[in-house]
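# Remarks on the overall topology
Chain residues, written in single-letter form:
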Amino acid sequence: MFRNAKNVGYYMIGKGSLAQLDEILAKRREAVKGPAVFFFDHFFTNSDLPKRLPIKAEDITVFVDTTDEPTTQSVDTYTAQVKAILAGKSPCAMLAFGGGSTMDTCKCVGNLLTNAGCAADYQGWELVKHPAPYKIAVPTLSGTGSETSRTGIVCNEEKNIKLGMNSDFTMFDQVLLDPDLTKTVPRNQFFYTGIDTYMHCFESITGSYRNSVVDALSEKAIDLCKRIFLSSDMMSDENRELLMIASFLGGMAAGFVGTVHPISAGLSMVLHMHHGLANCYALSVQEDIYPNEYRDFMTMMERQKIDLPSGICAHLTPAQFDQLYDASIVHEKPLSNRLGENYREIFTRENVIGRFKRM
Ligand code: ZN
């Protein structure tokens with residue numbers, strides 16, 4: 001069986017391109033009569049960004065609390081909130097201004113506006129049946145690749161699993177990349193999130209489920225990441241633009257990760273750790289599985305003066321270690337992508353818990 005792969009419909013890139021959002025949105029307002037729904041990372045609550053945007057009186061603004069990553073519960077709550085204001089109208093567009101958490105929230109709420117039920121019903125592959133409203137991504141943090149990926153990742157606390165709504169309908173229809181928007185990101189956050197692209201891509205390219213398009217995208221994104229994170233300043237004007245491109249390419253290559261992401265998912269579920277930071281901890285104990293990437297990653301951290309304080313699992317109970325193991329080992333596809341079908345023989349409970357204890 002061959003996969004029929006979809007990419008993002010439109011993209012605009014360049015310093016200052018945000019000024020053209022008005023033009024993009026005007027076309028959507030002509031096509032559909034309903035309001036536009038703007039999702040902002042709560043970081044922008046008191047910033048001037050919303051004031052600079054073409055928001056009309058009838059539009060809906062939602063500030064997404066990104067303290068924790070999106071959960072089935074948070075997505076259901078935002079969906080109910082938006083539905084109540086829409087009162088049966090269809091939005092002309094849904095827009096996301098933020099990083100992965102905000103973009104994924106927008107993507108998942110979009111699916112739930114046109115598909116009955118709740119977020120948990122659509123965690124998995126090809127479960128979304130009806131197209132979502134038109135969606136526009138404006139990343140203000142680069143690295144997760146959510147702007148181009150076909151998933152919206154949600155933590156399901158009840159089932160102790162972090163799993164996305166994987167569907168062509170989850171994808172954004174338009175992406176706008178303006179590197180001016182990442183100027184004010186704190187350095188540590190810029191690194192932890194940005195390096196996610198590097199992780200997605202090396203996991204993909206060292207795995208066994210591959211195709212040459214995904215390889216080409218991954219190779220380019222990896223090159224860009226090395227250029228950015230091995231330079232003297234990852235946040236220079238040029239590097240911020242390059243990271244937006246790397247993230248964009250990385251999102252298209254995502255889908256077939258390896259052993260970093262499953263361990264990272266365990267940390268997000270049990271310790272509520274953000275994805276990028278959790279990835280860094282996950283790779284920090286996989287020097288045997290990804291020796292070259294581990295070495296490069298350590299050099300990048302040193303060069304950018306990023307710290308990764310140790311001892312994060314020092315006070316956990318045996319039950320919590322079991323929960324960490326369970327929330328990691330459940331990711332069969334990525335684990336077998338790197339370790340083969342018998343991944344459980346390598347990643348035994350003892351082996352995996354030992355890794356968590358070293359973090
Ligand atoms: Zn990731």
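It should be noted that the structure appears before, not after, this text.
Given the structure is predicted, the values throughout are model-derived calculations rather than measurements.

What follows concerns helix 2 (residues 72-86). For helix 2, built from 15 residues, the straight-helix expectation of 21 Å at 1.5 Å per residue is met to within 8% by its first-to-last C-alpha distance of 21 Å. Every buried residue of helix 2 is listed here: T72, V75, Y78, T79, V82 and L86. Relative to the axis of helix 2, the buried residues are bounded by an arc of 130° and lie together on one face. Away from the buried face of helix 2 by more than 90 degrees, exposed residues Q73 and A84 are located.

For the rest of this paragraph, the subject is the coordination of the zinc ion. The protein atoms that coordinate the zinc ion are D196 (OD), D196 (OD), H200 (NE2), H261 (NE2) and H275 (NE2), at distances spanning 2.0 to 2.7 Å. Counting residues between consecutive donors of the zinc ion along the chain gives the motif D-x3-H-x60-H-x13-H. Of this pair, H200 sits in helix 4 (residues 187-205) while H261 sits in helix 7 (residues 260-271), and the two are 61 residues apart along the sequence.

Reading across from one edge, 5-8-7 is the order of the 3 strands in this open sheet, with mixed pairing throughout. Two strands lie at the open edges of the sheet, namely strand 5 (124-125) and strand 7 (153-156), each paired on one side alone. Bridging between strand 7 and strand 8 (residues 161-166) involves 4 bridges; their strand directions are antiparallel. Looking at strand 8, one finds that N156 is bridged to I161.

Let's shift gears to the packing of aromatic side chains. Scanning all chains against the criterion turns up 11 aromatic pairs. Pairing F191 with F297 gives two aromatic rings, centres 6.3 Å apart and planes at 35°, and the pair type is tilted. Placement of the pair is F191 in helix 4 and F297 in helix 9 (residues 291-303), with a sequence separation of 106 residues. Taken individually, F191 and F297 each receive the classification buried, so the pair is uniform in this respect. Counting every residue linked through ring pairs, the aromatic cluster contains F38, F40, F63 and F97. Lying across the ring of Y134, R28 places its NZ or CZ 3.9 Å from the centre.

Counting across every chain of the model gives 0 disulfides. The structure places no disulfide on C108, whose sulfur is separated from the nearest cysteine sulfur, that of C106, by 9.3 Å. The structure places no disulfide on C118, whose sulfur is separated from the nearest cysteine sulfur, that of C108, by 12 Å.

What counts and how
Residues numbered from 1 in each chain as written. Predicted model: local features only at pLDDT ≥ 70, side-chain atom pairs only at ≥ 80, totals over all residues. Heavy atoms only, no water. Helix = DSSP H or I, 4+ residues; strand = E, 2+ residues; numbered from the N terminus. Expected span 1.5 Å × (residues − 1). Buried < 20%, exposed > 50% of the residue type's maximum accessible area, 1.4 Å probe, protein only. Arc of directions from axis to C-beta. Donors = N, O, S within 2.8 Å, 3.2 Å for Na, K, Ca; no water. Pairing = 2+ DSSP bridges. Phe/Tyr/Trp six-rings, centres within 6.5 Å; stacked < 30°, edge-to-face > 60°. Lys NZ or Arg CZ within 6 Å of the ring centre and 35° of its normal. Disulfide = S-S within 2.5 Å.

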